[in-house]
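Below, each chain spelled out in residue letters.
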Amino acid sequence: MSTWIRRAPWGVLGLAVTAALVAGGTLPAATADTGPTPSSSPTVAANPSLEAQNDAHDHVLGATMTGDAPAPTASVPTPSQPSAAAHAQAIPQAVPSSRILGFDVSSFQPNVDWSAAYDDGARFVYIKATESFNSTNDLFQSQWNAAGTANLVRGAYHFAVPFESSGATQAAYFVAHGGTWTPDGTTLPPVVDMETNPYGNVDGNICYDKTPAQMASWIADFSNTVLARTGIRPTVYTNPNFWQTCMAGNKNFVSNPLFIANWTYNVASGPGTLPASWSTYVFWQYADDGGTPLFPGDQDVFNGDSAALKRFATNTTLDGNYITALYEDYLDRLPSQSDIDWWSASLANGAPRSSISAGFVNSDEYRLIRIDAAYQSVLGRPAEQAGRLNWLDAMRSGGITTDDIETSLYASEEYFQQHGDNNLGFVTSLYQTLLHRQGSASDYAFWSNLIVQHGRAWVIAQYWDANETISERVSAMYQLYLGRVPDPAGLKTWVNVALQIGDTGLRAGFTSSDEYYARAQTRTF
């Protein structure tokens, strides 16, 4: 262990437990005789008490969780006083096929049987590299090498102590002592451990004597330094209580993957409520090393299958997955690695997602796709090449948007002739096509008369901008881009926005949203 600043030992954390987590999709705990059993590997040392970790200035991932974890639901034992049965069930009993098991270790696990861990089902491990700005895990390199030899995907973590030095200083120290990353498919993005001050009120308050704004600035400083030195943002390990207490529910870290801590001792329960920045997680620490855990150290799970784990290790998730989602949703194809790298670099250099989305919406490739789709859906035929290019030139010059193609085709003589070649047949078809319902005889007569007065283009505009038709188009965008039906408030908001910015603006808005970005991390491409 390198030199470190001696801290006064401190007993059990005096942090009150906050509101209970509601575990999503909680399943009954399976009986202890149905799960896998550990192989006969050598006994591995357990994590010491918090007091001992404080004395050594050497803390594990989740050092303060026994006092810092939110209270779970009534069916799940509390992390601070888990029952014997709960500890026994730290061994996963029913692992969903879409999740991958792993664990995390530090210098307190000096005798890991890495091959046995792999045989028992582990596929990844996080290894402590550094703490603060002056403390390293002396076993890091040997643990790292041994994990790789056992075919485990491995990553490094840093225990942050924000009142001892700046985020940039600690990030630089971390990267220089193991916290790096390469897109080799076997190295996981580095992790920064953000939890309450283990020294508590003896040395600083639970939030390291920082306001939420100062804490957010510290994490951003750390994240930006890691990004600049490794090309990837660090994953943030934290729990909802720390995030609410010390970060005031900050919502600005969605671009950093989440490693959620919540010791339910039941991998089938789900991690419960997530901190405010995130709507999904990448890793979940669901148990500590107590009882009879399946693996050494703490017990973790990856939120995805083996292919997704490899993608995460090669950084094709996060910004890369976001770019991939844009390609799939707008251009109906997957990007090349150079495409991903180019757009990801734009995001890393500060380009907002709104400008990235607008780039896709206004690209010639997408415009041609929209032209072809409009001809097929409105006129029932492919567009002739000359027509495609005429439309494209008009859009390039700013004279029209992709929204105007459909309305123009609906108002065309060709569409009119296809639907009775008379006003009554034309109006009847608009009800069926745009409103997806029948009108009354008086409705048809009313609109037929307006065609005589104002022309078909004027009537089409009234249909297109009616709340009823806008609501249908917005609902379709919710399904396409967010994978869900709209909530009433959201639908009302987007309908009102559509009248101001049109469907093109709506698409860019949906695909630059935090919800779309988060969904991109869990999609299968």
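Residues numbered from 1 in each chain as written. Predicted model: local features only at pLDDT ≥ 70, side-chain atom pairs only at ≥ 80, totals over all residues. Heavy atoms only, no water.

J.: For this particular structure, what's the right way to read the pairing of strand β6 (residues 235–238)?
T.: Along any regular strand the residues' side chains alternate between the sheet's two faces. Both faces of β6 are covered, namely the face carrying T235 and Y237 and the face carrying V236 and T238. In terms of strand pairing, strand β5 (residues 191–193) meets β6 through three bridges, oriented parallel. The partner of D193 across the bridge, within β6, is Y237. When β6 meets strand β7 (residues 258–261), the two strands line up parallel, connected through three bridges. Within β7, the residue paired with Y237 across the bridge is F259. (Buried < 20%, exposed > 50% of the residue type's maximum accessible area, 1.4 Å probe, protein only. Helix = DSSP H or I, 4+ residues; strand = E, 2+ residues; numbered from the N terminus. Pairing = 2+ DSSP bridges.)

J.: What is the right way to read the pairing of strand β8 (residues 283–287) from this model?
T.: Summarising burial for β8: five of the five residues are buried, a large majority. By the bridge criterion, three bridges tie β7 to β8 in an arrangement that is parallel. The partner of A261 across the bridge, within β8, is Q285. Sheet analysis places β8 next to strand β9 (residues 298–302), joined by four bridges and oriented antiparallel. Looking at the pairing, W284 lines up with V301 of β9.

J.: Looking at this model, I keep getting lost on the packing of aromatic side chains. Mind explaining?
T.: Between two aromatic rings, the relevant description is the distance of the centres plus the angle of the planes. According to the stated counting rule, one finds 37 aromatic pairs in the structure shown. Taking 5.1 Å as the distance between ring centres and 85° as the angle between the ring planes, the aromatic pair formed by Y327 and F360 counts as edge-to-face. Separated by 33 residues along the polypeptide, Y327 in helix α10 (residues 319–331) and F360 in helix α12 (residues 353–361) bring together distant segments of the chain. By relative accessible area, which is 6% here, Y327 ends up buried. (Phe/Tyr/Trp six-rings, centres within 6.5 Å; stacked < 30°, edge-to-face > 60°.)

J.: Explain the nonpolar core to me, please; I cannot follow it from the model alone.
T.: Generally speaking, a soluble globular protein has its nonpolar side chains buried in company with each other. F103, W114, L188, M194, M215, F283 and F302 are the most contacted members of the largest nonpolar core, which has 76 residues in total. The element best represented in this core is helix α7 (residues 212–230), accounting for six residues. Residues contacting F283, with those up to four places away along its chain left out, are F124, Y126, L188, L258, F259, I260, V301, F302, L309 and F312. Grouped together as the second largest cluster of nonpolar side chains are 30 residues, L368, Y415, Y431 and L450 included. (Core = buried A, V, L, I, M, F, W, Y, C linked by side-chain atoms within 4.5 Å. Contact = heavy atoms within 4.5 Å.)

J.: Would you take a moment to explain the pattern of salt bridges for this structure?
T.: Within this structure, the stated rule accounts for 17 salt bridges. Close ionic contact of D319 with R233 constitutes a salt bridge, the shortest N to O distance being 2.6 Å. With D319 in helix α10 and R233 in the loop between α7 and β6, the pair connects residues that are 86 residues apart, well separated along the chain. No difference in accessibility class separates D319 from R233, as the two residues are buried. Between D364 and R396 there is a salt bridge; the shortest N-O distance is 2.5 Å. In this pair, D364 is assigned in helix α13 (residues 364–379) and R396 in helix α14 (residues 385–396), connecting sequence segments 32 residues apart. Through salt bridges with shared partners, one network takes in D364, R367, D393 and R396. (Salt bridge = Lys/Arg side-chain N within 4 Å of Asp/Glu carboxyl O.)

J.: Would you mind going over the environment of M477 with me for this structure?
T.: Looking at the element boundaries, M477 is found in helix α20 (residues 467–482). The sequence separation of M477 and T511 amounts to 34 residues, and the corresponding C-alpha distance is 9.6 Å. If sequence neighbours within four positions are ignored, M477 has contacts with L482, D503, L506, R507 and F510.

J.: Would you mind showing me how to read the side chain of S132 here?
T.: Along the chain, the position of S132 falls in the loop between β2 (124–131) and β3 (135–136). On the accessibility criterion, S132 (0% relative accessible area) is buried. Dropping the residues within four chain positions of it, S132 is found in contact with H57, H158, F159, V161, E164, Q170 and Y173.

J.: What am I meant to see in empty space enclosed by the protein here?
T.: One simple way to see leftover space: roll a probe sized like a water molecule over the atoms. On inspection of all chains with the given rule, the structure shows one cavity of 30 Å³ or more. Roughly 80 Å³ of volume is contained in the largest cavity. Class assignment of the residues belonging to the lining of the largest cavity gives a composition of nine nonpolar, four polar and no charged. (1 Å grid on protein atoms, 1.4 Å probe; cavity = no way out; pocket = protein on both sides within 12 Å on 5 of 7 lines; lining within 4 Å. Points joined across faces, edges and corners; volume = space filled by probe spheres on them. Nonpolar A, V, L, I, M, F, W, Y, C, P; charged D, E, K, R; others polar.)

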